[in-house]
2 protein chains.
Amino acid sequence: MIFHIVPNTLEGLGFVPVRRRKKTGKSERLVTSFISTYENKVDRKGRVSVPAAYRSVLGTESYQGVIAYPSITHSVIEAFGRGMLDDLNQRKFNQTLDGGDFTQALIGRSDDGLVETVMAISSELPFDGEGRIILPARLIKHAGITDRATFVGRGTRFQVWAPGVYEKHQAAEVEALRAKLSGGGTL
Amino acid sequence: MIFHIVPNTLEGLGFVPVRRRKKTGKSERLVTSFISTYENKVDRKGRVSVPAAYRSVLGTESYQGVIAYPSITHSVIEAFGRGMLDDLNQRKFNQTLDGGDFTQALIGRSDDGLVETVMAISSELPFDGEGRIILPARLIKHAGITDRATFVGRGTRFQVWAPGVYEKHQAAEVEALRAKLSGGGTL
DNA sequence: TTGACTCCCATAGATACCCATGATATTCCA
DNA sequence: TGGAATATCATGGGTATCTATGGGAGTCAA
């Protein structure tokens, strides 16, 4: 008997806001998350086009650009929209308040300190008129990027890799998944 | 993430792909899952018509198109509606944040990495005005598709095969079932 | 002045949108 | 009930638009 693994019943939880973007006047397109991978060129000025599909995810955010920081665990740049950043802050704020720990909320010190750390090492990267960003030297170096960059969608956020590094990482990732499914499932 | 393991549907037993459109009564309007098999042409621009019956399944979704990724276990393209993808994301996002696990949300490490990986290897394939999609070169190659494609309904999702590859796969699938049932069971 | 950065324009190729056609199904009415 | 008018679908092709990319001009600060 062949088995397929499928997600259980799906009902929208309505958390991630649905954003509308007008295309050529006639049809509207709805995009809500970062998916797929794209490889773009880094020009001599250090500019890279953020894939149009990703930009459309951020389409209606007031701040036209992305937040990026070096991954703490891998040679890769993590990135997302300002909305995500605000949401993280808000949730963290609410969590500390709900727990009655006003000191934490006010002084801004928590046990893990991760959110604070990320805030500290993050950069705001605004789009230019053509939807490009300039990767700061610090991030370029961290990811080992030279003249090309691979954009990898991760749903609520995306990553920027050096193509070669990503290739290896991706192969390992898929292999791990395959091993996990070796019990007879298909994916 | 929660998964249910369900048996593969058996609609394919001795099933021959329909070349021409099926008789579509009004009852088919009510179909809510992907069933049956169709073989369509891939034109010079790489476009394929998604069977109308499948499109009607997605009819109520705001985004008009499908999400597709290369199966990691077979030479086939897996596809499903946008709603399922968003739901996967939201569940994962809420789950990690609600549990206060900012590490997972930011660094993106989950237990299995399934959602992460699927997001990265998935492509968003919007319908054109005629209900066609363009199969990306990456997926075409993975499935070994040339000028024709076989759409196979699998309930909550569907697959796109190279016709020849599917024929063999299907024969093996049926044969395995037959062997299993040869003890006297009926189907 | 130099260097870093932003804004603006140009362009080739990819993509989306539009219209057309033949085949088949369905509706509707004499 | 037969058949003409209408609707749906898969398919093909032309064209306008968008995207990624390159480069130049203007601004600002040291």
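Refer to the structure printed above.
Residues numbered from 1 in each chain as written. Chains lettered and ligands numbered in written order. Predicted model: local features only at pLDDT ≥ 70, side-chain atom pairs only at ≥ 80, totals over all residues. Heavy atoms only, no water.

**Things to note about the environment of B:His74**
Alright, step 1. Its place among the elements puts B:His74 in the loop between β4 (65–70) and β5 (77–81).
Alright, step 2. Residue B:His74 is classed as partly exposed on the basis of its relative accessible area, which comes to 30%. (Helix = DSSP H or I, 4+ residues; strand = E, 2+ residues; numbered from the N terminus. Buried < 20%, exposed > 50% of the residue type's maximum accessible area, 1.4 Å probe, protein only.)

**Structural notes on the packing of helix α6 (residues 163–180) of chain A against helix α4 (residues 114–121) of chain B**
Alright, step 1. Across the interface, α6(A) lies against α4(B) with an axial gap of 10 Å and an inter-helix angle of 130°. As summarised for this structure, α6(A) and α4(B) are arranged oblique, according to the angle between their axes. Of the two possible hands of crossing, α6(A) and α4(B) adopt the one that is left-handed. Between α6(A) and α4(B), the residues in contact are A:Tyr166, A:Gln170, A:Glu173, A:Val174 and A:Leu177 and B:Leu114, B:Glu116, B:Thr117, B:Ala120 and B:Ile121, respectively.
Alright, step 2. A class-by-class count of the residues in the contact of α6(A) with α4(B) yields six nonpolar, two polar and two charged. (Axes fitted to C-alpha atoms, helices over the stretch in contact; angles between N-to-C directions. Parallel < 35°, antiparallel > 145°, perpendicular 65-115°, else oblique. Left-handed = near helix turned anticlockwise from the far one by under 90°. Contact = heavy atoms within 4.5 Å. Nonpolar A, V, L, I, M, F, W, Y, C, P; charged D, E, K, R; others polar.)

**A short note on the nonpolar core**
Alright, step 1. Formed by 26 residues in total, the largest nonpolar core has its most connected members in B:Tyr54, B:Ile77, B:Leu135, B:Ile145, B:Phe151 and B:Phe158.
Alright, step 2. Only α1 (52–57), β4, β5, α5 (137–143), β8 (148–153) and β9 (158–161) of chain B provide two or more residues apiece to this core.
Alright, step 3. Ignoring anything within four residues of it in the chain, the contact list for B:Phe158 reads B:Phe34, B:Tyr54, B:Val66, B:Ile77, B:Glu78, B:Ala79, B:Phe151, B:Val152 and B:Gly153.
Alright, step 4. By size, the runner-up hydrophobic cluster in this structure holds 25 residues, among which are A:Ala68, A:Phe127, A:Leu139 and A:Ile145. (Core = buried A, V, L, I, M, F, W, Y, C linked by side-chain atoms within 4.5 Å.)

**Side note on the sheet that holds strand β2 (residues 37–41) of chain B**
Consider a sheet: its strands pair through backbone hydrogen bonds, and that pairing is either parallel or antiparallel.
Residues and elements named next belong to chain B.
Alright, step 1. Strand order in the open sheet made by the six strands is β2-β8-β9-β5-β4-β6, with antiparallel pairing throughout. Unpaired on one side and paired on the other, β2 and β6 (123–126) mark the two borders of the sheet. The mean inter-strand angle of the sheet, taken between neighbouring strand axes irrespective of direction, is 30°.
Alright, step 2. Where β4 and β5 come together, five bridges link them in antiparallel fashion. Bridge assignment links Ile 67 to a residue of β5, and that residue is Phe 80. (Pairing = 2+ DSSP bridges.)

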